[in-house]
Amino acid sequence: MFDVNFWGAMNVSKEALRVFREVNKPSGGRLLQVSSMAGLVGGPALTIYHASKFALEGLSESIAAEIDPEWNIKITLIELGVYDTGGIDRIVAMPSHPAYTQPGSAVMAFRGFLGNRDALRNTGDPAKAAAAMYKLTTLPNPPLHLPLGKDSVAAARSKVAQLAAETDQYESWSEGLKVGE
């Protein structure tokens, strides 16, 4: 999972940035990183997948922060929701570890969701997502993050709200932590 979702993306990014910077005349280019709402919000049962997408998010945000604006390189993390790509029929569910088989647990609920092939087929249309990605390439100032799909937008909004609430609740814990205070 990390070989493809992180290391593969890192190697492609490194080479793409070199071409955008040193080969393209004038310099510039668009780097579209295929992330996932799983890179925004952790979830049950797909831990390594989520971790690999979180790593891709950190890599891409850091690259975007360090590139020289004069290079005219634009980076966007496309944080896809669930799309009916045909991969649903290739999902292989391994038996759960007994510690994670409690009825009503988040893991069992998610495994039930993955087992409902009809519900999974009634998700996003990949052709429409591709059209939105193409439209993204025409923007002069594209966003760094593009949650794509109603489920991804909802996940992003929920994450932002949770982070803001927790930050507000515990902000006072950061008072007096500087040397000499």
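Residues numbered from 1 in each chain as written. Predicted model: local features only at pLDDT ≥ 70, side-chain atom pairs only at ≥ 80, totals over all residues. Heavy atoms only, no water.

Looking up the protein in an unreviewed UniProt entry gives the name NAD(P)-binding protein, with the organism given as Fibroporia radiculosa. Annotation of the protein in UniProt includes, under Sequence similarities (unreviewed entry), the sentence "Belongs to the short-chain dehydrogenases/reductases (SDR) family." (UniProt positions renumbered as here; feature names shortened; annotations may be inferred.)

Describing a nonpolar patch on the surface
Side chains of M1, F2, W7 and I48 sit close together on the surface and give an oily, nonpolar patch of about 410 Å² of accessible area. Relative to the helices and strands, M1 is located in the segment before α1 (2–23). Residue class for M1 comes out exposed when judged on its relative accessible area of 53%. (Patch = residues over 30% accessible without salt bridge, like charges linked within 9 Å, V, L, I, M, F, W, Y side chains within 5 Å. Areas by Shrake-Rupley, 256 points an atom, 1.4 Å probe, with all protein chains shown as cover. Salt bridge = Lys/Arg side-chain N within 4 Å of Asp/Glu carboxyl O. Helix = DSSP H or I, 4+ residues; strand = E, 2+ residues; numbered from the N terminus. Buried < 20%, exposed > 50% of the residue type's maximum accessible area, 1.4 Å probe, protein only.)

A closer look at the packing of α1 against helix α2 (residues 47–66)
At a closest axis distance of 8 Å, the pairing of α1 and α2 adopts a crossing angle of 20°. Classified by the angle between their axes, α1 and α2 sit roughly parallel to one another. You can see that α1 and α2 cross each other, and the crossing is right-handed. Of the residues in α2, those touching α1 at F2, N5, F6, A9, M10, S13 and L17 are I48, Y49, A51, S52, K53, A55, L56, L59 and I63. Tallied by class, residues from the contact of α1 with α2 come to 12 nonpolar, three polar and one charged. (Axes fitted to C-alpha atoms, helices over the stretch in contact; angles between N-to-C directions. Parallel < 35°, antiparallel > 145°, perpendicular 65-115°, else oblique. Left-handed = near helix turned anticlockwise from the far one by under 90°. Contact = heavy atoms within 4.5 Å. Nonpolar A, V, L, I, M, F, W, Y, C, P; charged D, E, K, R; others polar.)

Considerations on α1
The sharpest bend along α1 measures roughly 30° and falls at G8. Along α1, the residues classified as buried are N5, F6, A9, S13, A16, L17 and F20. (Bend = angle between axes of the 7 residues up to and from the residue.)

A closer look at the pattern of salt bridges
For the structure on display, the rule yields two salt bridges. A salt bridge links E22 to R21; the nearest nitrogen and oxygen atoms lie 3.0 Å apart. By relative accessible area, E22 is classed as partly exposed at 44%. Looking at R21, the relative accessible area reads 29%, which means it is partly exposed.

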